[in-house]
Amino acid sequence: MDELMYTMQQAEQLAKGFLREQSASSECELALFEEDEYRGEKGDFFYFGFQGAKYIATRNDDDFLYGPTCISVHRLTGECGLLSIREMLSSDPFDRRSR
């Protein structure tokens, strides 16, 4: 029996909801990058890059947030989580090393 899997668009909506929850406990509004280069899928996960909404709007380095800036969404369960820097380097979710 085939299991239902989330699409990239559905996973993106889950990631946006997850960011809204994260923003509620933070003084900074968070948002996903709109560019396709900050979206990826590998194995069982979709990946989305995010930053502070102010940085995304202005690209001003003074508004840049440091720390985890990538969300993973499991394609079967829809579970969302923040990736640590170590996890981002090991999984290379946006194929940065191959460029």
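Here the structure is a predicted model, which is why all the values come from computation and not from measurement.

Topic: the environment of methionine 8
Turning to step 1, where the next piece is worked out: Tracing the backbone shows methionine 8 in helix α1 (residues 8-24).
Turning to step 2, where the next piece is worked out: Placed 29 residues apart in sequence, methionine 8 and glutamate 37 show a C-alpha to C-alpha distance of 14 Å.
Turning to step 3, where the next piece is worked out: Setting aside residues up to four positions removed in sequence, methionine 8 forms contacts with Arg39, Gly40, Glu41, Phe46 and Phe48.

Some details on α1
Turning to step 1, where the next piece is worked out: Taking 1.5 Å per residue, 17 residues should reach 24 Å; α1 reaches 24 Å between its end C-alpha atoms and fits that length.
Turning to step 2, where the next piece is worked out: Restricting attention to buried positions, one finds in α1 the residues Met8, Ala11, Glu12, Ala15, Gly17, Phe18, Leu19 and Ser23.
Turning to step 3, where the next piece is worked out: For α1, the secondary structure elements touched by its buried residues are β1 (30-32), β2 (39-42), β3 (45-52), β4 (70-74) and β5 (80-82).

The rules behind each value
Each residue is numbered by its place in its chain's sequence as written, counting from 1. Under the rules for a predicted model, residues below a pLDDT of 70 receive no local features and side-chain atom pairs below 80 are neither given nor counted, while totals for whole chains, interfaces and linings still include all residues. Just so you know, side-chain values use all the structure's heavy atoms and leave hydrogens and water out. Only runs of H or I of at least four residues qualify as helices and only runs of E of at least two qualify as strands under DSSP, and these elements are numbered from the N terminus. Whether two residues are in contact is decided by their heavy atoms, any of which lying within 4.5 Å being enough. A helix is expected to span 1.5 Å for every residue after the first. For every residue, the accessible area (1.4 Å probe, protein chains only) is compared with the maximum for its type, and the residue is labelled buried under 20%, exposed over 50%, or partly exposed between those bounds.

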